[in-house]
Amino acid sequence: MLMVQLPHQHGKNPSYVLEDMPKDGDFSAVSEIFHSVSDPKRLKLFWLLCHYEECVINLSALMGMSSPALSHHLKVLKAQGLIKSRRVGKEMYYTAADGEASRLLHHMIEMLVDISCPREKK
């Protein structure tokens, strides 16, 4: 067992916790994901893309943003692997990625702000 000498002893030794602590790089990776959604508009865009696939022009209209501003947000989300794109002719379509980080982040957003997923009307 790892023994840690702390400046103030309070009768507890955190060694058992430190043995299972993730590496600093793991915390950095999580921090980067949180940083990528730290902007409310980007967070809203990510949530929208969890439910809907759309092109930049239509996303701009849905978000009330210019195409260049929206493209910046899309670039940040895509760099973190939270969204993916596909080309159809000259149009690029965006949607949430299939990864675990995207699913967990989507779930966390909905739990924290108590938003229920929209249901597709038949």
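Scroll up to find the structure this text is about.
Residues numbered from 1 in each chain as written. Predicted model: local features only at pLDDT ≥ 70, side-chain atom pairs only at ≥ 80, totals over all residues. Heavy atoms only, no water.

Caption draft 1: Focus on the pairing of strand E2 (residues 83–88). Pairing analysis gives six bridges linking E2 to strand E3 (residues 91–96), with the strands arranged antiparallel. In the sheet register, Ile-83 faces E3, and the bridge partner there is Ala-96. Linking E2 to E3, which pair antiparallel, is a turn of two residues; within it Gly-89 sits at a positive phi near 65 degrees. (Pairing = 2+ DSSP bridges. Helix = DSSP H or I, 4+ residues; strand = E, 2+ residues; numbered from the N terminus.)

Caption draft 2: Layout of the pattern of salt bridges. For the structure shown, the criterion picks out three salt bridges. Close ionic contact of Arg-86 with Glu-53 constitutes a salt bridge, the shortest N to O distance being 2.7 Å. One end of the pair, Arg-86, is in strand E2; the other, Glu-53, is in the loop between helix H3 (40–51) and strand E1 (54–55), with 33 residues separating them in the sequence. Relative accessible area serves as the criterion here: at 40%, Arg-86 is assigned to the partly exposed category. According to the relative accessible area criterion, Glu-53 is partly exposed, its value standing at 31%. (Salt bridge = Lys/Arg side-chain N within 4 Å of Asp/Glu carboxyl O. Buried < 20%, exposed > 50% of the residue type's maximum accessible area, 1.4 Å probe, protein only.)

Caption draft 3: Up close: the environment of Asp-39. Along the chain, Asp-39 falls in the loop between helix H2 (24–36) and H3. Sequence separation between Asp-39 and His-73 is 34 residues; the distance between their C-alpha atoms is 9.0 Å.

Caption draft 4: View of the sheet that holds E2. The sheet built from three strands is open, its strands ordered E1-E3-E2 with antiparallel pairing. Each edge of the sheet is formed by a strand with only one pairing partner; in this case those strands are E1 and E2. Pairing between E1 and E3: two bridges, direction antiparallel. Bridged to Cys-55 within E3 is Tyr-93. Lying over the sheet, H3 contacts E2 and E3, oriented at roughly 95 degrees with respect to E3. (Contact = heavy atoms within 4.5 Å. Axes fitted to C-alpha atoms, helices over the stretch in contact; angles between N-to-C directions.)

Caption draft 5: Molecular detail of the nonpolar core. In this structure, Leu-45, Leu-59, Leu-70 and Leu-74 are the most contacted members of the largest nonpolar core, which totals 19 residues. Sorting the residues of this core by element identifies H3, helix H4 (56–63), helix H5 (67–79) and helix H6 (100–113) as the ones contributing at least two each. Counting residues per element, this core draws most heavily on H3, which supplies five residues. Dropping the residues within four chain positions of it, Leu-74 is found in contact with Leu-45, Leu-49, Val-56, Leu-59, Ile-83 and Tyr-94. (Core = buried A, V, L, I, M, F, W, Y, C linked by side-chain atoms within 4.5 Å.)

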